[in-house]
Amino acid sequence: MLTDFFDRMKNAAIDYDIIGLSYYPEHHGNLATLETALTTLENKNYGKDIWIVETGYSYAWSIGGEYDYTGTYPYTEEGQRQFTADLVTKLNSHSSVKGLFWWWPEDNGNKGVTDSWWNAALYNHNTGKPYAAFYELKNFNDGSASVQEVRGKKDDANASFYDLQGRKCTPQTKGLYICNNQKRIVR
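Residues numbered from 1 in each chain as written. Predicted model: local features only at pLDDT ≥ 70, side-chain atom pairs only at ≥ 80, totals over all residues. Heavy atoms only, no water.

Caption draft 1: Inspection of the side chain of Arg81 at higher detail. Among the secondary structure elements, Arg81 is positioned in helix H4 (residues 77-92). Here Glu78 takes part through its side chain, which lies 2.7 Å from a polar atom of the side chain of Arg81. Not counting the four nearest positions on each side in its chain, Arg81 is found in contact with Ala132, Ala133 and Glu136. (Helix = DSSP H or I, 4+ residues; strand = E, 2+ residues; numbered from the N terminus. Polar contact = N/O pair within 3.5 Å; in protein donor to acceptor, adjacent residues only side chain to side chain. Contact = heavy atoms within 4.5 Å.)

Caption draft 2: Up close: the nonpolar core. Ranked by internal contacts, the top residues of the largest apolar core, which has 28 residues, are Ile19, Leu34, Phe83, Leu87 and Leu91. The set of elements that each furnish at least two residues to this core consists of helix H1 (4-11), strand E1 (18-23), helix H3 (31-44), strand E2 (49-55), H4 and strand E3 (97-102). Apart from the residues lying within four places of it in its own chain, the contact partners of Phe83 are Tyr23, Pro25, Leu31, Thr55, Gly56, Tyr57, Tyr73 and Trp102. With five residues, the next largest nonpolar core counts Phe161, Tyr177, Cys179 and Val186 among its residues. (Core = buried A, V, L, I, M, F, W, Y, C linked by side-chain atoms within 4.5 Å. Buried < 20%, exposed > 50% of the residue type's maximum accessible area, 1.4 Å probe, protein only.)

Caption draft 3: Summary view of the packing of aromatic side chains. Scanning the model with the defined rule gives 13 aromatic pairs in all. Relative to Tyr46, the ring of Phe6 has its centre 5.7 Å away and its plane inclined at 50°; by these criteria the two rings are tilted. Of this pair, Phe6 sits in helix H1 while Tyr46 is found in the loop between H3 and E2, placing the two residues 40 residues apart along the sequence. For the residue pair Phe6 and Tyr46, the accessibility class agrees, reading buried in each case. Note on Tyr59 and Tyr131: the rings are 4.9 Å apart at their centroids and 35° apart in plane angle, and the pair reads as tilted. Of this pair, Tyr59 sits in the loop between E2 and H4 while Tyr131 sits in the loop between helix H5 (111-114) and helix H6 (132-136); the two residues are 72 residues apart in sequence, bridging distant segments of the chain. Like Tyr131, Tyr59 is buried. Ring-pair connections join several aromatic residues into one group, and the members of that group are Tyr23, Tyr57, Tyr73, Tyr75 and Phe83. Directly above the ring of Tyr16 sits Lys48, whose terminal nitrogen or CZ lies 5.0 Å from the centroid. (Phe/Tyr/Trp six-rings, centres within 6.5 Å; stacked < 30°, edge-to-face > 60°. Lys NZ or Arg CZ within 6 Å of the ring centre and 35° of its normal.)

Caption draft 4: The arrangement of the pairing of E2 in detail. For E1 and E2, the ladder comprises six bridges, and the chain directions are parallel. Across the sheet, the residue bridging to Ser22 is Glu54, located in E2. In this sheet, E3 lies alongside E2 in parallel orientation, the contact comprising four bridges. Bridge pairing links Trp51 to Gly99 in E3. Following the backbone out of E2, through H4 and into the adjacent parallel E3, one traces a crossover that is right-handed. (Pairing = 2+ DSSP bridges. Right-handed = clockwise from strand over helix to strand, strands pointing away.)

In structure tokens:
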């Protein structure tokens, strides 16, 4: 099932940029299940980078799902951190995995927005300070990923900037942009 879609894309000679996967342990299974999926995709040799385009883990209560990993990763800040550390370690063991995105890290805990289905924020709702899992993400992809602040660097004068949707732009507001294959914060 996992490879059926990509086999069809390959057989139809349809070009695409990446293989994007969602991974939530409550819905998709443990990290060994993710390991099997990644290895299967790599062995098929589709020639595309793999990204985990959405993931998350709760720090407080279940988001619902068929699997319960609270014995390994309790719904606490430490449990969320340990899940994130183990996930990053697993992803780093696969050279084809190039992207990792946490789903809705800025969730502010206002239950009217989501009717309480989500609670995997990476920030404390009361203090605004990052949870420990936030700092584990920096270890993804050998820890070389960085965010740089833009302050009129000479090499940025003629550089191309892109928003997070991949559209070329000129940064005119505060935010996160991509420039020269690096994340840049405009303050």
